[in-house]
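Residue-level structure breakdown
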Amino acid sequence: MAVPRAKTSKARTRRRRSINMRLEAPNLVPCNNCGNPVRSHYVCPKCGFYRGRQVITPETN
């Protein structure tokens, strides 16, 4: 069985892990009804439409 020659440092371990743990911005597309940027496959919070149908009634503040 292979044995490491030296201990892996904290910096090397954290550098390797940080590559896989980085955050990505959500992919935003314009709403077909109002043009508000929303995430794909989500109801638009501004107008309440999803795939051309009124799904929810948006809150007016």
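Figured I'd write up the structure that's included with this text. (Residues numbered from 1 in each chain as written. Predicted model: local features only at pLDDT ≥ 70, side-chain atom pairs only at ≥ 80, totals over all residues. Heavy atoms only, no water.)

1. Structural notes on the overall build of the protein chain
Selection rule: Secondary structure elements follow DSSP: runs of H or I of four or more residues count as helices, runs of E of two or more count as strands, with numbering from the N terminus. Atoms considered for the radius of gyration are the C-alpha atoms alone. The globule rule reads 2.2 Å times the number of residues to the power 0.38. We call a residue buried when its accessible area falls under 20% of the maximum for its residue type, exposed when it is over 50%, and partly exposed in between, using a 1.4 Å probe and counting protein chains only. Pairs of residues are marked as contacts when any of their non-hydrogen atoms sit within 4.5 Å. Using a 1.4 Å probe, accessible areas were evaluated by the Shrake-Rupley method; residue-level cover was limited to the displayed protein chains.
When you go through the protein chain residue by residue, the secondary structure sums to one helix and four strands. Order of helices (α) and strands (β) in the protein chain, N terminus to C terminus: α-β-β-β-β. For the protein chain, whose C-alpha radius of gyration is 23 Å, the value lies well above the compact-globule estimate of 10 Å for 61 residues. Seen along its three principal axes, the alpha-carbon backbone of the protein chain occupies a region of about 65 × 30 × 15 Å. By the burial criterion, 10% of the 61 residues in the protein chain qualify as buried. The long-range fraction of contacts in the protein chain, counting pairs at least 24 apart against all pairs at least 6 apart in sequence, stands at 0%. Accessible area for the protein chain stands at about 6,200 Å²; split by element, carbon and sulfur atoms hold 52% of it.

Read these as spatial facts, not as claims about activity.
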